[in-house]
Amino acid sequence: AASHLTARGGAGVGAMSRRERGPEPEPGGAEVAAEDAEHAEPESPDQCLSLLPWDRFSAWLHCVCVVGFDLELGQAVEVIYPPHSKLTDKEKTNICYLSFPDSNSGCLGDTQFCFRFRRSPGRKVSLCCFLDQLDRDLPVYLKKDSAYYYGYVYFRQVRDKSLKRGYFQKSLVLISKLPYVHLFRTMLKQIAPEYFEKSEAFLEAVCSDIDRWPLPVPGKVLQLPIVGLIMKLRIPTYRDKPGTTPIVQNMHQADAQISMALPTVHEVDLFRCFCPVFFHIQMLWELVLLGEPLVVMAPSPAESSETVLALVSCISPLKYCSDFRPYFTIHDSEFKEYTTRTQAPPSVILGVTNPFFAKTLQHWPHIIRIGDIKLPGEVPKQVKVKKLKNLKTLDSKPGVYTSYKPYLNKDEEIVKQLQKGVQQKRPTEAQSVILRRYFLELTESFIIPLERYVASLMPLQKCISPWKSPPQLRQFSQDDFMKTLEKAGPQLTSGLKGDWIGLYRHFLKSPNFDGWFRSRQKEMTQKLEALHLEALCNENLVFWSQKHTEVETVDLVLKLKNKLLQADREHLPVKTDTLKKLQAHINDIILALPDDLQDILLKTGTT
């Protein structure tokens with residue numbers, strides 16, 4: 001049942017001369033599981049040749065920005081690369097403010113964090129069609145949201161007496177639609193320190209390297225060269241069993257380049273992030289699942305962004321469908337919208353560091369206050385859930401401030417298991433694996449009954465007639481679903497007791513249910529369309545046309561052509577043979593018609 005969970009759902013001189021010579025061969029890939037070899041489609045030579053300068057770069061990043069501090073202007077975007085990259089004034093303003101920690105954070109040295117901001121509408125992407133194809137093969141929680149950009153930041157603040165302000169302050173920022181946090185964090189660690197020493201020419205070389213990368217194809221082991229290093233990684237596909245990560249082997253390089261295998265492209269260190277609120281992980285899972293408004297108040301953007309990303313990922317493989325901001329400031333373009341007291345707080349998770357928010361967001365129902373994230377050398381002391389009225393400032397003690405009463409009884413087992421790990425000095429990676437598996441099993445136990453019920457809304461195959469429109473899905477009925485829980489509820493896969501019914505009722509009103517159900521609905525409707533196409537293929541359509549008038553036959557041909565266009569446009573799950581067979585049927589019917597009609601029909605409906 002688990003496998004049903006994810007719905008299908010101006011170049012530099014060097015870059016240009018390389019392009020004029022034609023595409024270079026890509027670095028070879030290592031072998032992974034046989035399933036990947038079977039499913040992953042390599043780039044065809046045609047696709048490679050049709051790629052223009054900067055297309056490969058654009059498949060991974062929108063642009064690279066350098067944000068510095070100007071004594072008169074404050075934070076300012078100093079460099080955007082490639083130079084032709086387009087950012088609106090509003091986007092630049094957001095990037096400026098989100099690329100620096102709040103002054104109270106006192107981040108001396110180097111700091112890495114990430115943010116997310118709304119993209120200005122109305123911009124087209126040259127690679128759009130091909131990237132959509134790649135997006136379809138991703139698990140639902142990794143699909144890009146075209147309304148948002150991520151900003152991955154490497155911020156440096158060091159004393160420098162030669163500067164008026166007394167400090168060197170600069171951020172190197174990667175702007176991307178892809179939520180590959182670990183990949184971009186690793187990449188910045190490699191390039192940012194060197195950039196701060198070498199400046200512009202180095203940045204151009206980095207971007208030129210990225211423009212030689214293979215496209216981000218899910219399920220394939222990719223080798224990404226970056227300034228003398230090769231990063232090896234594999235982007236998950238929707239076919240992967242949730243909770244499994246095929247290991248990327250670190251193969252020996254024949255040349256002098258150093259190779260680095262990334263265990264993940266998107267995961268954060270879950271255990272480290274949840275350590276400050278160790279005893280409340282199950283309650284936090286419920287709050288995220290239900291799309292409740294949540295604020296994470298942290299001492300720095302590094303802690304706030306990691307915690308927000310950990311929260312969003314804890315309901316995986318479900319997609320968190322509301323907005324989330326790993327780092328949010330008072331200058332953000334949505335500040336007024338999200339902090340207004342004239343309406344209930346929105347379904348959003350905000351990560352903040354400015355003490356001003358302790359006052360501004362006092363009315364929010366659930367606040368997580370975390371201190372510096374340190375790996376525990378001892379078992380964390382049990383922290384009670386605190387009352388919201390006790391949260392006066394950001395100096396308030398770490399903990400969860402809420403009056404929320406969890407629906408499910410607490411799972412003491414996971415707490416004991418992780419505490420034992422702390423005592424035995426178990427590596428944090430191993431603790432994170434345990435925690436991730438716990439969240440996965442909890443989410444699957446919750447979602448499987450919904451999957452089972454929604455699958456029952458699908459009409460039977462015998463109801464599909466080639467001569468009628470495909471049947472509709474039956475309506476989702478909350479009462480009917482609740483009745484199924486007695487015999488086929490979460491108790492089949494989870495030993496946790498509690499008010500599961502109450503949790504489901506609350507979930508059915510949430511944005512996460514709405515997003516999940518729309519995705520399943522679309523998938524099932526497409527399946528019905530595909531079955532209808534197959535039913536048409538299995539009919540003797542030429543025989544039918546001979547028994548009907550020319551008008552009816554022309555009408556059939558036009559409808560069949562529309563079906564083929566729909567299959568292509570909506571990427572229906574239809575075998576290529578089925579489409580070829582249908583095209584052959586259409587050709588046979590047309591050839592049996594008078595010449596004048598043949599000419600018209602051969603030109604109609606094919607574009």
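Residues numbered from 1 in each chain as written. Predicted model: local features only at pLDDT ≥ 70, side-chain atom pairs only at ≥ 80, totals over all residues. Heavy atoms only, no water.

Applicable threshold: UniProt positions are given in the numbering used here, feature names are shortened, and annotations may be inferred rather than shown by experiment.
If you look the chain up in an unreviewed UniProt entry, it shows as DEN6A protein from Chloropsis hardwickii. Quoted verbatim from the Sequence similarities (unreviewed entry) field of the UniProt record, the comment on the chain reads "Belongs to the DENND6 family."

1. Details of the overall build of the chain
Under the convention used in this document: By definition, any uninterrupted DSSP run of H or I lasting at least four residues is a helix, any uninterrupted run of E lasting at least two residues is a strand, and each is numbered from the N terminus. Any residue under 20% of the maximum accessible area for its type is buried, any over 50% is exposed, and the rest in between are partly exposed; the area is computed with a 1.4 Å probe on protein chains only. Note on areas: these come from Shrake-Rupley sampling with a 1.4 Å probe, and a residue is covered only by the protein chains present in the view.
Scanning the chain for helices and strands turns up 22 helices and 13 strands. Classification of the 607 residues of the chain by burial places 53% in the buried group. Carbon and sulfur atoms make up 53% of the accessible area of the chain, which totals about 29,100 Å².

2. Some thoughts on the environment of A358
Within the secondary structure, A358 is located in helix α13 (residues 356-360). According to the relative accessible area criterion, A358 is buried, its value standing at 1%. Sequence separation between A358 and V295 is 63 residues, and the spatial gap between their C-alpha atoms is 9.8 Å.

3. Regarding the packing of aromatic side chains
To be explicit about the condition: When the centres of two rings from Phe, Tyr and Trp lie within 6.5 Å, Trp using its six-membered ring, the rings pair. Their planes under 30 degrees apart give stacked, over 60 give edge-to-face, and anything left gives tilted. Charge-over-ring contacts are defined here by two conditions on Lys NZ or Arg CZ: a distance within 6 Å of the ring centre and an angle within 35 degrees of the ring normal.
Scanning the model with the defined rule gives 36 aromatic pairs in all. Judged by centre distance (5.7 Å) and plane angle (55°), the ring pair of Y195 and F196 falls under tilted. We note that Y195, like F196, is buried. Arranged with centres 5.6 Å apart and planes meeting at 10°, the rings of F513 and F517 form a pair that is stacked. Separated by four residues within a single helix, F513 and F517 lie in helix α18 (residues 511-537), roughly one turn from each other. Here the aromatic cluster, defined as three or more aromatic residues joined through ring pairs, consists of W285, F446, Y453, F476, F481, Y504, F507, F513, W516 and F517. Here R116 stacks its cationic end above the ring of Y148, 3.9 Å away from the centre of that ring. One residue, R116, lies across the ring of F324, its end atom 4.0 Å from the ring centre.

4. Topic: unusual backbone geometry
Along the chain, Y81 connects to P82 via a cis peptide bond; the corresponding omega equals -5°. Topologically, P82 is positioned in the loop between β2 (74-81) and α5 (89-98). Even without being a glycine, H571 presents a positive backbone phi close to 50°. Looking at the secondary structure, you find H571 in the loop between α20 (550-569) and α21 (576-591). Taking relative accessible area as the criterion, H571 reaches 37% and is therefore assigned partly exposed.

5. Re the sheet that holds strand β13 (residues 399-402)
For clarity, the cut-off: When DSSP locates at least two bridges between a pair of strands, those strands are taken to pair. Here an angle of 0 to 180 degrees is reported between the N-to-C directions of two axes, which are lines fitted to C-alpha atoms, with helices fitted over the stretch in contact. Contacts are residue-level and defined by heavy atoms, with any inter-residue pair within 4.5 Å sufficient.
Taking strand neighbours across the sheet as the criterion, the five strands line up as β10-β11-β9-β12-β13 in an open arrangement whose pairing is mixed. Only two strands of the sheet have a single partner each, and these edge strands are β10 (323-325) and β13. Each strand of the sheet is rotated relative to its neighbour by a mean of 15°, with strand direction disregarded. In this structure, β10 lies alongside strand β11 (residues 348-352), joined through three bridges in parallel fashion. When the bridges of β11 are listed, F324 appears paired with I349. Packed on one face of the sheet, helix α10 (residues 281-289) meets β9 (294-297), β11, β12 (366-369) and β13 and runs near 50° to β13. Across the face of the sheet, helix α11 (residues 301-313) comes into contact with β9, β10, β11 and β12 while running at roughly 160° to β11.

6. A closer look at the packing of α20 against α21
Let me state the cut-off plainly: Oblique is the label for any angle not under 35 degrees, not over 145, and not in the 65 to 115 range, which are roughly parallel, roughly antiparallel and roughly perpendicular in turn. Should the near helix be turned counterclockwise from the far one by less than a right angle, the crossing is left-handed, whereas a clockwise turn marks it as right-handed.
Packing of α20 against α21 leaves a shortest axis separation of 10 Å and a crossing angle of 155°. Classed by the angle they form, the pair α20 and α21 counts as roughly antiparallel. Where α20 crosses over α21, the two elements pack in a sense that is left-handed. Here T553, L556, V557, L560, K561, L564 and A567 of α20 come into contact with α21, specifically with L579, L582, Q583, I586, I589 and I590.

7. Overview of the nonpolar core
Condition: Think of a nonpolar core as a cluster: buried Ala, Val, Leu, Ile, Met, Phe, Trp, Tyr and Cys residues, connected wherever their side-chain atoms sit within 4.5 Å.
Of all hydrophobic cores here, the largest spans 118 residues; its most connected members are W60, F274 and L450. If you tally residues by element for this core, the top one is helix α15 (residues 428-455), at 10 residues. Apart from the residues lying within four places of it in its own chain, the contact partners of L450 are F476, F481, Y504, F507, L508, F513 and W516. Counting 22 residues, the second-largest nonpolar core is a separate cluster that includes L536, L541, L556 and L593.

8. Digging into the confidence of the model for the chain
Heads up, the rule is: Residue-level confidence of the predictor is what pLDDT reports, using numbers from 0 through 100.
Looking at the chain as a whole, the pLDDT averages 82, with 83% of positions reaching at least 70. Within the model, the stretch residues 1-49 combines pLDDT values under 50 with 86 contacts to residues more than four positions away or in other chains.

9. Describing the sheet that holds β2
With antiparallel pairing, five strands are arranged side by side in an open sheet as β2-β1-β5-β4-β3. Edge strands, defined here as strands with exactly one partner in the open sheet, are β2 and β3 (109-118). Strand after strand, the sheet turns through a mean of 25° between neighbouring axes, direction not considered. Taken together, the seven bridges between strand β1 (residues 63-70) and β2 define a ladder with antiparallel strand orientation. Following the sheet pairing, D70 is matched in β2 by G74. Across the sheet, helix α8 (residues 200-210) is in contact with β1, β2 and β5 (167-176); its angle to β2 comes to roughly 50°.

10. Points about the pattern of salt bridges
The criterion, for reference: For this analysis, a salt bridge means a side-chain nitrogen from Lys or Arg found within 4 Å of a carboxyl oxygen belonging to Asp or Glu.
Across all of its chains, the model carries 23 salt bridges by this definition. Note that R436 and E267 form a salt bridge whose closest N and O atoms lie 3.6 Å from each other. With R436 in helix α15 and E267 in the loop between β8 (258-261) and α9 (270-274), this pair connects stretches of sequence that are 169 residues apart. Here E267 falls in the partly exposed class, since its relative accessible area comes to 25%. The partner of D332 in a salt bridge is R325, with the nearest N and O atoms 3.3 Å apart.

11. Concerning the pairing of strand β7 (residues 229-234)
Across the six residues of β7, six count as buried, placing the element largely inside the fold. In β7, alternate side chains face the same way, and those of L229, M231 and L233 on one face and I230, K232 and R234 on the other are all buried. Strand direction decides the pairing type here: strand β6 (residues 221-226) and β7, joined by six bridges, are antiparallel. Counted as the bridge partner of P225 is I230 from β7. Linkage of β6 to β7, two consecutive antiparallel strands, is achieved through a turn of two residues, within which V227 is found at a positive phi near 35°.

12. A word on α10
Given 3.6 residues per turn, any residue in an α-helix points the same way as the ones three and four places further on. In terms of burial, α10 is a largely internal element, nine of the nine residues being buried. Buried within α10 we find I281, Q282, M283, L284, W285, E286, L287, V288 and L289. Where α10 ends, the next residue or the one after it, G291, has phi of about 65°, a positive value.

13. Focus: a negative patch on the surface
Quick reminder of the rule: The patch calculation keeps residues exceeding 30% relative accessible area without a salt bridge and links them within 9 Å when they carry like charges or within 5 Å when they are nonpolar (Val, Leu, Ile, Met, Phe, Trp, Tyr). In this tally, Lys and Arg are treated as positive and Asp and Glu as negative; His is ignored, and so are the chain termini. To locate a charge, take NZ of a lysine, CZ of an arginine, CG of an aspartate or CD of a glutamate.
A cluster of acidic residues, E550, D595, D596 and D599, forms a negative patch on the protein surface. Following the sequence through the fold, D595 ends up in helix α22 (residues 595-603). Classification of D595 by relative accessible area gives exposed; the value is 59%.

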